[in-house]
Amino acid sequence: MAPEQRRSRFRPCIDLHEGQVKQIVGGTLSDRSDEELKTNFVATQPPEYFAEKYRDNSLEGGHVIKLGPRNDEAARRALAEWRNHLQIGGGITADNAKEWLDAGASKIIVTSYLFPGGNFDLERLQTISSLVGKDKLVVDVSCRRRGDKWYVAMNKWQDITTMEVNKENLDMLAQYCNEFLIHAADVEGLCQGIDEELVQKLGEWVTIPTTYAGGAKSISDLETVNRLSGGQVDLTYGSSLDIFGGVVSFDELVKASNQ
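The chain has a UniProt comment under Sequence similarities (unreviewed entry) that states "Belongs to the HisA/HisF family." Of the chain, the UniProt comment under Catalytic activity (unreviewed entry) reads exactly: "1-(5-phospho-beta-D-ribosyl)-5-[(5-phospho-beta-D-ribosylamino)methylideneamino]imidazole-4-carboxamide = 5-[(5-phospho-1-deoxy-D-ribulos-1-ylimino)methylamino]-1-(5-phospho-beta-D-ribosyl)imidazole-4-carboxamide".

What follows is the structure in structure tokens.
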């Protein structure tokens, strides 16, 4: 029998800002001022409510992202609700990575730590991979478009690094991790559609599990990502979900993802 064709699945998220679950327009995050921050949704429920919801629906591979300071306690509560099933990202370094695995994270997600001064540091990647194990490491190669190329963006997507997102670089990174998380920062939180060209390229390039986030606005986007990527890329929904104040039914999306 031929192996079953992989299909793109829905990956859930819990984005934390100032200790609350929020959905934020990605390009408006800043270390310098909150005045430009555009928030689509602020949850009345605590982070563990969403972790419980994901657990009850067996939604594996979700990520908890700490957007800035004062989110550690909220993140710990979310991880404790479904231990060893949620990934953690935001301010992760070699110094605190094990601490977050001990707190119940299934994997740690790392970005900015790998790019001191905006330049990729292979030694840092090798260090953190050796420390936690390749199977526990997700490299976040979230990016912004520049012309017809994409470059890794760090520090809440404010700063563009010198690393291009392409097959050569993804193959190199994949030697040290077993998953990628890729936010298309230019469309993140806008609910105006995914970056179809990027999704298609990722389908051609990636050799390890990969989750794309940014712009998903309807259930049909899941099938679009499946078609464009040949089932190689999973999709995160945020602001468009009804549990985050949007119009896409969470329950219907779970059904579509399980088909």
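Continuing now.
Student: Is there a simple way to think about the sheet that holds strand S9 (residues 143-146) in this case?
Tutor: Remark on secondary structure: sheet strands pair via backbone hydrogen bonds, oriented parallel or antiparallel. Spatially, S9-S10-S11 is the arrangement adopted by the 3 strands of the open sheet, whose pairing is antiparallel. Because the sheet does not close on itself, it has two edges, and the strands there are S9 and strand S11 (159-164). Looking at each pair of strands side by side, their axes are set apart by 45° on average, direction ignored. Looking at chain direction, strand S10 (residues 149-154) and S11 are connected through 3 bridges and run antiparallel. If you follow Met 154 over to S11, its bridge partner there is Asp 159. Packed on one face of the sheet, helix H6 (residues 196-205) meets S9 and S10 and runs near 90° to S10.

Student: Would you take a moment to explain the sheet that holds strand S7 (residues 105-110) for this structure?
Tutor: One open sheet holds the 11 strands; their spatial order is S1-S14-S13-S12-S8-S7-S6-S5-S2-S3-S4, and the pairing between them is mixed. Either end of the sheet is taken by a strand with one partner, and the two such strands are strand S1 (10-11) and strand S4 (39-42). Those strands touched by helix H1 (residues 47-56) are strand S2 (13-17), strand S3 (20-24) and strand S6 (86-89), and its axis lies near 175° from that of S2. Across the sheet, helix H2 (residues 72-81) lies against S2, strand S5 (62-66), S6 and S7, angled at about 165° from S5, the strand it touches most.

Student: What am I meant to see in the environment of Asn 119 here?
Tutor: Tracing the sequence through the fold places Asn 119 in the loop between S7 and helix H4 (122-132). C-alpha of Asn 119 to C-alpha of Thr 161: the two residues are 42 residues apart in sequence and 6.0 Å apart in space. Excluding residues that lie within four positions of it along the chain, Asn 119 makes contacts with Leu 114 and Thr 162.

Student: Help me understand helix H7 (residues 220-229), please; the structure alone is not making it clear to me.
Tutor: Helical geometry: 3.6 residues make up each α-helical turn, so side chains three or four residues apart lie on a common side. Within H7, 7 of the 10 residues are buried, leaving the element largely enclosed by the surrounding structure. Listing the buried residues of H7 in full gives Asp 221, Leu 222, Thr 224, Val 225, Asn 226, Leu 228 and Ser 229. Summarising the contacts, the buried residues of H7 are in contact with S1, H6, strand S14 (233-236) and helix H8 (250-258). Residue Gly 230 follows H7 closely and has a positive phi angle near 65°.

What counts, and at which threshold
Throughout this description, residue numbers start from 1 for each chain and increase along the sequence as written. Reporting in this predicted model follows two pLDDT cut-offs: at least 70 for local features of residues, and 80 or more for side-chain atom pairs to be given and counted; totals over whole chains, interfaces and linings ignore these cut-offs and use all residues. Hydrogens are left out, water is left out, and the side-chain values use all remaining heavy atoms of the structure. UniProt positions are given in the numbering used here, feature names are shortened, and annotations may be inferred rather than shown by experiment. At least two bridges found by DSSP between two strands are what make those strands a pair. Numbered from the N terminus, helices here are DSSP runs of H or I no shorter than four residues, and strands are runs of E no shorter than two. Convention adopted: a line fitted to C-alpha atoms gives each axis, helices being fitted over their contacting stretch, and angles between N-to-C directions are expressed from 0 to 180 degrees. Residues count as neighbours in contact if any of their non-hydrogen atoms are within 4.5 Å of one another. A 1.4 Å probe rolled over the protein chains alone gives each residue an accessible area, and that area as a share of the maximum for its type sets the label: buried under 20%, exposed over 50%, partly exposed in between.

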